[in-house]
Each structure stands twice: as structure tokens, then as C-alpha cells.
Amino acid sequence: MTKARQVEKAEEERGRGRPAAERAAEVVRGSEELFQRTFELAGLGVGYISLDRRFMSVNNRLCEILGYPEHELLRLRGRDISHPDELDAINEKRPQLHAGEIPCIRLEKRYVRKDRSVVWVAVTIVLERDAAGKPLYEIAVYDDITARKDAEAALVDSEAHWRAIIDSANDGIIVCDRDMAVVDCNAAAERIVGLAADKLIGTQGFTSILPCVAEDGSPLAVEERPLRRTVREGKPLSGVVIGIKRDDGSITWLLVNTGFLRRPGEQSYYGIVATVADISAQRRAEAAVRDSEALFRTSFELASSGIAHVDLDGHFMRVNRRLTEILGYPENELIGRSVKDVSFHDDRDVTDPQRARVRAGELESVRFEKRYVRKNGAVVWVNLGVALVRDGNGTPLYEIAMFDDITERKEAEVALHEAHEELKRSNSELEQFAYVASHDLQEPLRMVSSYTQLLGRRYADKFDPDAKEFMAYIVDGAARMKQLIEDLLAYSRVGTKGKDFKPVEVGKPLRRAITNLKAAIEESGASVTYDSLPTIPADEVQLAQLFQNLMGNALKFRSPSVPRIHIGVQEKEDAFEFAVRDNGIGIEPQYFERIFMVFQRLHNKGEYPGTGIGLAICKKVVERHGGHIRVESKTGEGSAFIFTLPKQQKEGTNGG
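Residues numbered from 1 in each chain as written. Predicted model: local features only at pLDDT ≥ 70, side-chain atom pairs only at ≥ 80, totals over all residues. Heavy atoms only, no water.

A few words on the sheet that holds strand S6 (residues 172–177). Judged by pairing direction, the sheet is antiparallel, and its six strands sit side by side in the order S7-S6-S11-S10-S9-S8 without closing on themselves. Looking at which strands have only one partner, the edges of the open sheet turn out to be strand S7 (182–185) and strand S8 (212–214). Adjacent strand axes in the sheet meet at a mean angle of 30 degrees when their direction is disregarded. The pairing of S6 with S7 spans three bridges and is classified as antiparallel. The residue of S7 that forms the bridge with Cys 176 is Val 182. Contacting strand S9 (240–245), strand S10 (251–261) and strand S11 (271–278), helix H10 (residues 280–302) crosses the sheet at an angle of about 125 degrees to S10. (Pairing = 2+ DSSP bridges. Helix = DSSP H or I, 4+ residues; strand = E, 2+ residues; numbered from the N terminus. Axes fitted to C-alpha atoms, helices over the stretch in contact; angles between N-to-C directions. Contact = heavy atoms within 4.5 Å.)

In C-alpha cells:
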């Protein structure tokens, strides 16, 4: 028997001799004391609430929960300290409780403590009735669940936080249960796979509902699906490549990783997680790189220039076929060989200073002309371009060198130089000829002409008419021969005695030509007009000769009407185009080219005097200045001699 039962039995024995009323009162008092102790010591808040909804009695725990002392709490109603958002949460259910429709009210709500802090409480309210069933008061039990609510809120926040992180991930995340059924996925998974979450959840993964292929493009076998492999092999998968075939025939390539989900301390797994990354762009880039590398290899090998990769110590790392042809060595004999080993001895160090500037970043690239020695000992000239390849940090890796065989050009330059020297010798000989022509050849002609005329004067009465006619032929022939020699001398001097080009106001040599032709202009009554003329680099003396010859022809080959000559000019992109127009007899089209040749005449000397060399001189003068000359004409309507003269000449040139 317990001690409490022994005390109780002793009390019963003592009370048997007392009156019943006394014993009943004592029992009630004991019961009330027991209730009061229970009421005060309860771990839950307990309150009695009157029908006007005020607290009638509260225990200490309720005062602690609601944050009010007992005497203040007894003056309040539950609504007075309820959270503003939940003032009538209990009142809405009280009518049902009082009507007996529900046995109690159970809910969770917030109260505002005296210090204004908020407390979450689980409330249970029952209604106490009298023997007749009439409501007397309510008994409410309050359990402080603030800590639980805070934990729940923290859990919700944590889940939202991790959900936000997961949904913001670029990679798709798919969570499956132990049976490989999808239970969740993030937004990236929906985007990458191309299915909404509600289409994925509950399935055996996207590989079970979409047509998929293996990395080699073959259909993905069921047993090779990543989730199934993970379970079968009992270990996570990493770097598995599969593709999803789309309706348009394209493939979305994915990189899949898998892993098991286990609770701390447990060996068995409760789920599987898979991450999927869209690597389609990467695959395209890799394919493009492969194509680019293939194109580079093809271009490298088929290039018409020799190409080499040279290490920073000056050794061949890689060479193409064309370079082996240029240098005369097979590829295996060039690789690893020093570039200087195959360089001509005088040119071995010629590139070093400039290549050092490239490595220092002062120049992007440099070009040289240098010589190399082929395997057979022959010397080959090369136009060499060198650039430097650097890594992402700017550190030099190797040089790229481009070799173009210019041996033929160099040989042509030598031949041209020799020809130029020969031309200089020829010009010297021509000058000597000009001297002879102007002095030694003309002297016998003067003697022939002079003595023939002297014979005519002294022995005129002794010569018959035929003899006198023959003597006139001799004098005329000598004069014409003298003119031919002088014109030929003038033609030769266009290229050998020209002056350096200087800025010339073209109107100046034109006016000199007009002055030289003054007698012929006045004799014919000709009209000569000209536009405002530009300043160009030219030989002023030769321009005067050019205008004089062209205007002289216009005066010589004039029509019966009064001659009109106009010198016009038009500006072109790189040159000025001049035109000397007349209203003379004109020229037939078939002679447009012939008239610019030496000693070409369209009329006999009886009709129009001259040697037929004037237009040839004009052509040579124009061409020495870098221009072109042509004629436009119609018979009986006059002619226009059109020629161009450049706006600029190469510095220091004299047109030779």
C-alpha cells in the first residue's frame, strides 16, 4: 500500500466517528485545495472565462504566457489582448460551442503581451454547464507554441531561401524518390529539358518520356538511362552526355551528374538527385573549333606561302609543305632545326633587332627580305613576315613566320637594274649622237647648201633651166634634211634633256607658246582662247613645246574659215584633262593612232610643210609626265587633242 493510500485510510478511520455533514465539508475543502494546487502548478495556462468573456480566474502559467499580472488580466477580455489580425478568431466559433454543435474550440492564434511582443498560443476552450445544461462559464487551456511557430517560420524561410537558390541555378536539378520517380525539380530543369514541372513529377525522369540519344547519337537504351545506371552501379555518375531529340530534328545536348540522397548516419538512400546542364552551345563551339582546326590544317598545308611556327629560341616547331619546297628540306629535317642554320651567312642576324621589338610589344609584326640557303646550296630570296603569338596573359608563346619566294623578282630586279644601266649607256650614246647630229652632220649639209647656192650665183648665166632646177632641189633637200635632223634631235631630247618637275602654272607655258606662234596667228587672223588653268608639277619648257606643237598644227591644218583655237581643262580624280580644240580640216578615224608615230604624215610636203614628228614629240612629252594623249575628230569639223597630266608626281622624279 502506498503512503498516500495509508494517509487516506487513516483519515477515513478518524472520520467515521464524526457527523456526515462535517465529513462532507472536509472532503470538499480537501478537493478544492487539491484543485487549487493543480491549477497553480499546471504547465499549461488555464483560465476561467465568464459569459461576458472576461477572465474570472487565471493561473500563474497563463500570466507568464500572456505577460500580464493576475490582477490586470482579470480586468481584461481575451479580445483585448488579441493580435489585430485575429481579434474575433474565437468569437466566430463561440456560437457553435454554446449551441452544443461542437464539443470545444481548438485553434492557434496570436496575443499581444504587455511588453508588445507577440506570443503564439494553441487554445482549447470547453463550456461548463449546470445540471440543467445552462452555460455557466468557459474553461480555456493555453499552450505557448511561439517557439514552434518560430521554428516553422524559420523552416519556411529556409525552404524559400534554398528554393530561390535552386531556382536561380543555371543547371537543372531533378529530385527523385527511391523508386526513381521525380518528386521535384527547379525552373532550370524545366527550361533545359523543355517540360513543365507537372509533366515531369511522377515520371521516371525525362529520359522515359522524351526521345533521347547517347553521346554517339545512337538511341539511348533503357538500361543506360542515368538514374537506372546510378541504382544499378550503386554509385554516383559524373559527366554523362546524352541528347534530347527535338521535333525540328535538332538535339539538345546535356551533361548529367547524379548522386544519392541520404540522411545523416544512414547508409541507405531515400532518393536520387540529378543535375543537368545544357552543353549544346559548348558542343557547337567544340565542333566549330574542330572544323576551324581542320580548316587551319588544310589552309596551312595548302597555303601558297611557306608558313612556320618558330619557338622563342629560333627553332622550327612546325612547317607546311610549301616551306619545305622553298627551303629544299624535308619536313623532318626542318623540325627542331635553327632558322639561322638555313639562313645565308650575311643575313643570319638581320632580323634580330626588329623581332626583339615585336617581343617587347613595340610592333605587331615585321617584314624583311632576306636570303636562305637551300639543301642543295642554292640561294633563295624570301619576303619574310614575322608575328608573335601570346597567351591570355600576354606571355610570348612562339612566332609565326610567312615565307614568300621572291627569287624570280630579285633576279628580275637585277635584270632591270642592268637594263637601266644599259639604258643609261644608250642615253649617253644618244646624247653623243645628238651632238653629232647637231654639229657634225649638219656641217656637211650646210656646205652642200652653201656651195650649191654659190654656184647658182656665180655661174647662173652658164646653167640652163634644168640645171638651175636641179640645184634648187639640192638646196631644198639639204634644208629638209637639216629640219629632219633638228626635229629628231628635239624628239630624243624629250627623255634625256628634260628638267625636274616643279609646280608650274600651266597658263605660263601656254602664253609662251602663243608668243612663239604670234606671226602665224596674226597672219591667219586666228582666235586663241583658254580657260583658267591649274598649277601642276611639270617641266615648263616641255609644256610650252606641247602647246606650241598642238596649236601649230591647228594653224597649219586650218579650214578656209578663220581659225579658232580653245584650250580647255576639266578636273578629274587624280589628274587634269586638257583639250586643244580647233575648227580645222579634221582627221579621218583610221589615222587616229598613226599620227602620233615618228615621221608619219597624212599629206604631201607640197600641201603642208613639216617632218611628221611634231605629234610624236607631243605624245612623248605627255607620257614623260605620266599622262595619255588621244584625238577626237571628224573630217571637216575640226579636231580636239585631249591629254591628261597628273595632279601629283613622285617626289624627286624628272619623268625619265
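What follows picks up the thread again.
Attention now moves to the nonpolar core. Judged by nonpolar contacts, the single largest core of 37 residues is most densely connected at Leu 546, Phe 547, Leu 550, Met 551, Val 580, Phe 641 and Phe 643. Looking at this core, the elements that each hand over two or more residues are helix H17 (507–516), strand S19 (535–538), helix H19 (540–556), strand S20 (564–571), strand S21 (575–582), helix H20 (614–624), strand S22 (629–633) and strand S23 (639–646). At seven residues, the largest contribution of residues to this core is made by H19. Aside from chain neighbours lying at most four places away, what touches Val 580 is Phe 547, Leu 550, Met 551, Ile 565, His 566, Ile 567, Ser 639, Ala 640, Phe 641 and Phe 643. Residues Ala 197, Leu 237, Leu 254 and Phe 260 belong to the second largest nonpolar core, which totals 28 residues. (Core = buried A, V, L, I, M, F, W, Y, C linked by side-chain atoms within 4.5 Å. Buried < 20%, exposed > 50% of the residue type's maximum accessible area, 1.4 Å probe, protein only.)

Let's shift gears to unusual backbone geometry. Its identity as a non-glycine residue notwithstanding, Arg 53 has a phi of 75 degrees, on the positive side. In this fold, Arg 53 is placed in the loop between strand S1 (45–49) and strand S2 (55–58). Of note in this structure, Met 180 is not a glycine but carries a positive phi near 70 degrees. Inspection of the secondary structure puts Met 180 in the loop between S6 and S7. The exposure class of Met 180 is buried, given its relative accessible area of 13%.

Let's shift gears to the packing of aromatic side chains. Under the counting rule described, the total for this entry stands at six aromatic pairs. The cationic tip of Arg 318 hangs over the ring face of Phe 300; the distance from NZ or CZ to the ring centre is 4.7 Å. We note Lys 647 situated over the ring of Phe 576; from NZ or CZ to the ring centre the distance is 5.5 Å. (Phe/Tyr/Trp six-rings, centres within 6.5 Å; stacked < 30°, edge-to-face > 60°. Lys NZ or Arg CZ within 6 Å of the ring centre and 35° of its normal.)

One can find Asn 383 in strand S15 (residues 379–390). For Asn 383, a relative accessible area of 16% corresponds to the buried category. At 2.6 Å, the side chain of Asn 383 and the side chain of Arg 367 are in polar contact. Discounting residues that sit within four places of it in the chain, Asn 383 has contacts with Arg 367, Phe 368, Glu 369, Met 402, Phe 403, Asp 404, Ile 406 and Arg 409. (Polar contact = N/O pair within 3.5 Å; in protein donor to acceptor, adjacent residues only side chain to side chain.)

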